[in-house]
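Residue-level structure breakdown
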Amino acid sequence: SVDGHGLESNLLQRVILEGSTCLEEAVEIGTGYPAKNHSANITLADRESVVVLEKGIGQAALRFPRGGAIFATNHWVTGSMRPACHFPSVEFEENTKARFSNLQRLVDGSWGRHTVARIKEILCDHANPGAICQHGPFMHTTVAYVLQPAVGRAECAFGLPCQTEFRQFHLE
């Protein structure tokens, strides 16, 4: 909450990682702890499934994959959370909604082709409006990742995905 009770969303992610061994436990921890100061979209996965936890101050909702894929930008899209989503500026709102719409278009056009290479290509998209890879000055991409929970692998680009090599991590 804004009164100082709860966990910052970045700290909440660490608590989830350290306190859970499966998706069910991760969801329980993520929805159970109060958040403070700002909200988040947190991707949670185990080898069986993946969800996006839309976490706000005093509320939470889960989004599930559609057609084998799930993604998030910087706003909430579930019906219960959408009204509570507040933006720091009109530009921020327009940017995040354009990126989500572009992601939806790019992913919908890829059904049956959800390869790691295709997803990395999508993460490097520079369409205008709604570029997925954002170079600033208003918004900039700091990390992009592809999770493959069923095979226990994640690939992360720490920086702009169009300029940064993806590093592979094996998940246990």
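1. Examining the nonpolar core
Taken as a class, soluble globular proteins show a tendency for nonpolar side chains to be buried jointly. Counting residues in hydrophobic clusters, the biggest one holds 15 residues, and the most contacted among them are F71, L103, V107, I122, L123, I132 and F166. Among the secondary structure elements, those contributing two or more residues to this core are helix 3 (90-108), helix 4 (116-123) and strand 4 (144-148). In terms of nonpolar packing, the next biggest core, distinct from the first, is built from twelve residues, L7, L23, I42 and V51 among them.

2. A closer look at the pattern of salt bridges
One pass over the full model with this rule turns up six salt bridges. Close ionic contact of E54 with R63 constitutes a salt bridge, the shortest N to O distance being 3.0 Å. Residue E121 pairs with R118 through a salt bridge whose shortest N-O separation is 2.5 Å. Placement of both E121 and R118 in helix 4 is noted, with a separation of three residues, approximately one turn of the helix.

3. Here we look at the side chain of T96
As for its position among the elements, T96 is in helix 3. At 3.0 Å, the side chain of T96 forms a polar contact with the side chain of H75. Every residue in contact with T96, bar those within four places of it in the chain, is listed here: T73, N74, H75 and F87.

4. Observations concerning the confidence of the model for the protein chain
When pLDDT is averaged across the protein chain, the result is 86; 94% of the residues are at 70 or more. Mean pLDDT across the elements of the protein chain bottoms out in helix 1 (residues 9-19) (86) and peaks in strand 6 (residues 167-170) (94).

5. Quick notes on the sheet that holds strand 5 (residues 153-157)
The strand order 4-5-6 describes an open sheet built from three strands, whose pairing is antiparallel. In this open sheet, the two strands that pair with only one neighbour each are strand 4 and strand 6. Taken pair by pair, the neighbouring strands of this sheet meet at an average axis angle of 20°, ignoring direction. Inspection of the sheet shows strand 4 paired to strand 5 by five bridges, in the antiparallel sense. Looking across to strand 5, one finds that Y145 is bridged to C156.

6. Structural notes on the side chain of E155
Inspection of the secondary structure assignment puts E155 in strand 5. For E155, a relative accessible area of 8% gives the class buried. Once residues within four sequence positions are removed from consideration, E155 is found in contact with V116, K120, A144, Y145, V146, Q148, F166, R167 and Q168.

Rules used in this analysis
Residues numbered from 1 in each chain as written. Predicted model: local features only at pLDDT ≥ 70, side-chain atom pairs only at ≥ 80, totals over all residues. Heavy atoms only, no water. Core = buried A, V, L, I, M, F, W, Y, C linked by side-chain atoms within 4.5 Å. Buried < 20%, exposed > 50% of the residue type's maximum accessible area, 1.4 Å probe, protein only. Helix = DSSP H or I, 4+ residues; strand = E, 2+ residues; numbered from the N terminus. Salt bridge = Lys/Arg side-chain N within 4 Å of Asp/Glu carboxyl O. Polar contact = N/O pair within 3.5 Å; in protein donor to acceptor, adjacent residues only side chain to side chain. Contact = heavy atoms within 4.5 Å. pLDDT = per-residue confidence, 0-100. Pairing = 2+ DSSP bridges. Axes fitted to C-alpha atoms, helices over the stretch in contact; angles between N-to-C directions.

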